Amino acid sequence: QVQLVESGGGLVQVGGSLRLSCAGSGRTFSDYAMGWFRQAPGKEREFVASINSSGGVIRYADSVKGRFTISRDNAANTVYLQMNNLKLEDTAVYYCAASRVAGPPSSDRAYNYWGQGTQVTVSS
């Protein structure tokens, strides 16, 4: 089992940057693909980015390509999401998740464990 705790959310102005972290527990963290998802008020949860267990395969949603970067440090049991040039529409609760599917998958149905989420608010 993997427990996940996100941090790094907050309030930022349009064009600013934030770095989210997701710390995982358990010795098998490096066995899992990891993903970031987000959910804005009144909207369904959507895929943001994912990374396979070794960090060699990465996927991004079109809406964040060129602005967000996902990375992982398996020695530290942590996955990161660097978010640059933030837009108003990036406002959401951001969740990290762990998947046993190699992928790395972009469907939330493929993820087995979820964090509690961290709020990101982009203001004008």
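For the structure, see preceding data.
Scope of this entry: the structure provided in the associated data block.

A short note on the packing of aromatic side chains
Then, number 1: One pass over the structure, following the stated rule, counts five aromatic pairs.
Then, number 2: Ring geometry for Phe 37 versus Tyr 111: centroids 5.1 Å apart, planes at 80°, classification edge-to-face. In this pair, Phe 37 is assigned in strand E4 (residues 33–39) and Tyr 111 in the loop between strand E9 (92–99) and strand E10 (113–114), connecting sequence segments 74 residues apart.
Then, number 3: Since its relative accessible area comes to 1%, Phe 37 is described here as buried.
Then, number 4: Grouping aromatic residues by their ring pairs yields a cluster made of Phe 37, Phe 47, Tyr 111 and Trp 114.
Then, number 5: Over the aromatic face of Tyr 80 sits the side chain of Arg 19, whose NZ or CZ is 4.0 Å from the ring centroid.
Then, number 6: For the cation-ring pair, Arg 45 lies above Trp 114, with the distance from its terminal atom to the ring centre recorded as 3.9 Å.

Considering the environment of Val 79
Then, number 1: By the element assignment, Val 79 lies in strand E8 (residues 78–83).
Then, number 2: Of the residues examined, Val 79 reaches a relative accessible area of 0% and is grouped as buried.
Then, number 3: In the structure, Val 79 is positioned 44 residues away from Gly 35 in sequence and 8.6 Å away in space, judged by C-alpha atoms.

Concerning the pattern of salt bridges
In a structure, side chains of opposite charge can pair up when their charged atoms sit close to one another.
Then, number 1: Counting across every chain of the model gives five salt bridges.
Then, number 2: Among the ionic pairs, Arg 38 bridges to Asp 90, the shortest N-O distance being 2.8 Å. Residue Arg 38 is located in strand E4, and its partner Asp 90 is located in the loop between E8 and E9; the two are separated by 52 residues in the primary sequence. As far as burial versus exposure is concerned, Arg 38 and Asp 90 are alike and both buried.
Then, number 3: In this structure, the salt-bridge partner of Lys 65 is Asp 62, at a minimum N-O distance of 3.2 Å.
Then, number 4: Several salt bridges converge on common partners, so that one network encompasses Arg 38, Glu 46, Arg 67 and Asp 90.

A short note on the nonpolar core
Then, number 1: In this structure, Leu 4, Met 34, Trp 36, Leu 81, Met 83 and Tyr 94 are the most contacted members of the largest nonpolar core, which totals 34 residues.
Then, number 2: In terms of residue count, E9 provides more of this core than any other element does, five residues in total.
Then, number 3: Apart from residues lying up to four places away in sequence, Tyr 94 is in contact with Glu 6, Leu 20, Trp 36, Phe 37, Arg 38, Val 48, Phe 68, Leu 81, Met 83, Gly 117, Thr 118 and Val 120.

A few points about the sheet that holds strand E1 (residues 4–7)
Then, number 1: Strand order across the open sheet formed by four strands is E1-E3-E8-E7, with antiparallel pairing between neighbours. Each of the sheet's edge strands pairs with one partner strand only, and the pair in question is E1 and strand E7 (68–73). Geometrically, the sheet is characterised by an average inter-axis angle of 15° between neighbouring strands, direction not taken into account.

Criteria and thresholds
Position numbers for residues count from 1 along each chain, tracking the sequence in the order it is written. Residue-level local features of this predicted model are given only where pLDDT is at least 70; pairs of side-chain atoms are given and counted only at 80 or more, and the full residue set underlies all totals for whole chains, interfaces and linings. Hydrogens and water molecules were not included; the side-chain quantities draw on all heavy atoms of the structure. To pair, rings of Phe, Tyr and Trp, with the six-membered ring standing in for Trp, must have centres within 6.5 Å; the planes then decide the type, stacked if under 30 degrees apart, edge-to-face if over 60, and tilted in the middle. Where helices and strands are cited, they refer to DSSP runs of H or I of at least four residues and of E of at least two residues respectively, numbered from the N terminus. Throughout this description, buried means an accessible area under 20% of the type-specific maximum (1.4 Å probe, protein chains only), exposed means over 50%, and partly exposed covers the range between. For a Lys NZ or an Arg CZ to count as sitting over a ring, it must be within 6 Å of the ring centre and within 35 degrees of the ring normal. Every case where a carboxyl oxygen of Asp or Glu lies within 4 Å of a side-chain nitrogen of Lys or Arg is listed as a salt bridge. Buried Ala, Val, Leu, Ile, Met, Phe, Trp, Tyr and Cys residues form a nonpolar core when they are joined through side-chain atoms within 4.5 Å. In this analysis, two residues are considered to be in contact whenever any of their non-hydrogen atoms come within 4.5 Å of each other. When DSSP finds two or more bridges between two strands, those strands count as paired. Lines fitted to the C-alpha atoms define the axes, with helices restricted to the stretch that makes contact. Angles between their N-to-C directions range from 0 to 180 degrees.

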